[in-house]
Amino acid sequence: MHESLDRPHLDLLVAVRHTGHLGRAATQLAISPSAASHRLKEAERRLGVTLTVAEGRSLRLTDAALHLADVAEVATASMRSAEETARWMNSTDRATVRIALDFYDTAPWFERLVESDDLTVDVDFVRTPYFATVDFVERRRVDLGLIVVPIDDPVRDPLAGDHLVAIVRYDHPAAARGRLEPSDVSEATYLTVGDRPHHGFEHHEFFEPARVRPRRLRKVESLAMILRLQRRFGGITVQPALAVRDAELDGLAVVPLATDRIDVRWDFVTRPEPTDAQRATCEVIRSLVA
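Note on numbering: residues in each chain are counted from 1, in written sequence order. The predicted origin of the model limits local features to residues at a pLDDT of at least 70 and limits the giving and counting of side-chain atom pairs to 80 or more, whereas totals for whole chains, interfaces and linings rest on all residues. Only hydrogens and water are set aside; all other atoms, that is, all heavy atoms of the structure, feed into the side-chain values.

*Asks:* What exactly am I supposed to notice about the side chain of Asp-267 here?
*Replies:* Starting at the N terminus, helices and strands are each numbered in turn, a helix being any DSSP run of H or I of at least four residues and a strand any DSSP run of E of at least two. Turning to its location among the elements, Asp-267 is positioned in strand β11 (residues 263-269). Definition of a polar contact: a pair of N or O atoms within 3.5 Å, with one able to donate and the other able to accept a hydrogen when the atoms are protein atoms, and with sequence-neighbouring residues admitted only if both atoms are side-chain atoms. Polar side-chain contacts of Asp-267 include one of 3.4 Å to the backbone nitrogen of Arg-156. When residues no more than four places from it in sequence are discounted, the contact partners of Asp-267 are Gly-145, Leu-146, Ile-147, Val-149, Pro-154, Val-155, Arg-156, Asp-157, Pro-158 and Leu-159. Whether two residues are in contact is decided by their heavy atoms, any of which lying within 4.5 Å being enough.

Below you can see the structure in the form of structure tokens.
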């Protein structure tokens, strides 16, 4: 039965490949020539194949040995990278909480958490598809998320009440008027995260009662990107006020909706038994929002 090679055997093949000489390979590996010779013979015994061919005073690897040396060099580089990564990952003993970074990527807690002196854990932000935050938490791909729900939704772990506002470019008529009328939407490009209306939000509470619909719908799964597109091309979006409280709004205007206020709510999404680090992160977010 053939045996597997150990790392020293592979290191020797790599050294012979680069030096073309067993003695110089031994010097490179800081072992004696006799130890190198013994190691080479042991490798050939384990594999049951010839690994080198003598050519005068030089030593050439066979095709089989060249294949092993190629793979060994790649594996060695990968292993060294993995070792360095392991050292880097162990460079801190602080707990880490992974927070879902979903459509509302302009929400105030992302940047504020990083600079908060009250946070005693590290935080990572994990990009999460729209409407997948609950699933990501349940599948343990993230530890914590925040979602916007209609005000009459069953309460999970509420963070804050909120309401919908419109965002338009500074030169849009609604900016001068100080409010968004339903009729503004009928001739506009409307930027939104999803193309399927959900009850309790602007489609059913603002558009449908006025029997209007956008001339064009542009789906963009990032609020930060929506605001960038609005600054350059115009258009309208309706979002929770808290989501744009700290956003970059240069060249844009936030205006109320002309109809009755549409209230919504932000809820935390956590697992049934969150860790102390996750609970602490939630409390810091509460203080930042308050």
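So, next bit.
*Asks:* Would you take a moment to explain the packing of aromatic side chains for this structure?
*Replies:* Both the distance between ring centres and the angle between the ring planes are used here to describe each pair of aromatic rings. Centre distance within 6.5 Å is the pairing criterion for rings of Phe, Tyr and Trp, where only the six-membered ring of Trp is used; planes under 30 degrees apart are then read as stacked, over 60 as edge-to-face, and the remainder as tilted. One pass over the full model with this rule turns up eight aromatic pairs. Seen in terms of ring centroids, Tyr-104 and Trp-266 are 5.2 Å apart; in terms of plane orientation they differ by 70°. Their pairing is edge-to-face. Remark: Trp-266 occurs in strand β11 and Tyr-104 occurs in the loop between β3 (96-101) and α5 (109-115); sequence separation between them is 162 residues. The burial state of Tyr-104 is the same as that of Trp-266; both residues are buried. Geometrically, the ring pair formed by Trp-109 and Phe-110 is tilted, given 6.2 Å between the ring centres and 55° between the ring planes. Taken together, Phe-103, Tyr-104, Trp-109, Phe-110, Phe-125 and Trp-266 form an aromatic cluster joined through their ring pairs. In this scheme, a residue with accessible area under 20% of its type's maximum is buried, one over 50% is exposed, and one in between is partly exposed, where area comes from a 1.4 Å probe on protein chains only.

*Asks:* Help me understand the nonpolar core, please; the structure alone is not making it clear to me.
*Replies:* One broad rule of soluble globular proteins: the nonpolar side chains tend to lie buried together. By nonpolar core we mean a set of buried residues, namely Ala, Val, Leu, Ile, Met, Phe, Trp, Tyr and Cys, connected to one another through side-chain atoms within 4.5 Å. Trp-109, Leu-159, Leu-180, Trp-266 and Ile-285 are the most contacted members of the largest nonpolar core, which has 57 residues in total. Of all the elements, strand β6 (residues 157-169) adds the most residues to this core, at seven residues. Setting aside anything within four residues of it in sequence, one finds Leu-159 in contact with Trp-109, Leu-146, Trp-266, Asp-267, Phe-268, Ile-285, Arg-286 and Val-289. Judged by nonpolar contacts, the second largest core, of 18 residues, contains Leu-5, Val-14, Ala-15 and Leu-51.

*Asks:* Mind showing me how you'd approach the packing of helix α1 (residues 7-19) against helix α2 (residues 22-29) here?
*Replies:* The angle between the axes and the distance between the axes are what describe a pair of packed helices. Direction vectors running N to C along α1 and α2 enclose 125°, while the axes themselves pass 8 Å from each other. In terms of their interaxial angle, α1 and α2 are classed as oblique. In this structure, the crossing between α1 and α2 has a hand that is right-handed. Note on element contacts: α2 touches α1 through Leu-22, Arg-24, Ala-25, Gln-28 and Leu-29, opposite Asp-11, Leu-12, Ala-15, Val-16 and Thr-19. Classification used: nonpolar for Ala, Val, Leu, Ile, Met, Phe, Trp, Tyr, Cys and Pro, charged for Asp, Glu, Lys and Arg, polar for all others including Gly. Counted by class, the contact of α1 with α2 contains six nonpolar, two polar and two charged residues. Only the contacting stretch of a helix is used when fitting its axis, a line to C-alpha atoms as for every element, and angles between N-to-C directions run 0 to 180 degrees. These descriptions rest on fixed angle ranges, namely under 35 degrees for roughly parallel, over 145 for roughly antiparallel, 65 to 115 for roughly perpendicular, and the rest for oblique. Each crossing gets its hand from how the near helix is turned against the far one by less than a right angle, where anticlockwise is left-handed and clockwise is right-handed.

*Asks:* Is there a simple way to think about the pairing of strand β8 (residues 216-219) in this case?
*Replies:* Working note: regular strand, side chains alternate between the two faces of the sheet. In this description, strands pair whenever DSSP reports at least two bridges between them. Pairing analysis gives four bridges linking strand β7 (residues 189-192) to β8, with the strands arranged parallel. Its bridge partner lying in β8, Tyr-190 is registered against Leu-217.

*Asks:* Explanation requested: the environment of Arg-141 in the structure shown.
*Replies:* Following the sequence through the fold, Arg-141 ends up in the loop between α6 (133-138) and β5 (145-150). Sequence separation between Arg-141 and Pro-173 is 32 residues; the distance between their C-alpha atoms is 44 Å.

*Asks:* Just checking my understanding: could you explain the packing of α2 against helix α3 (residues 33-47) for this structure?
*Replies:* Direction vectors running N to C along α2 and α3 enclose 105°, while the axes themselves pass 8 Å from each other. By the criterion of interaxial angle, the relationship of α2 to α3 is roughly perpendicular. Residues Leu-22, Ala-26 and Leu-29 of α2 touch α3, and the partners they reach there are Pro-33, Ala-36, Ser-37, Arg-39 and Leu-40. A breakdown of the residues in the contact of α2 with α3 according to their chemical character gives six nonpolar, one polar and one charged.

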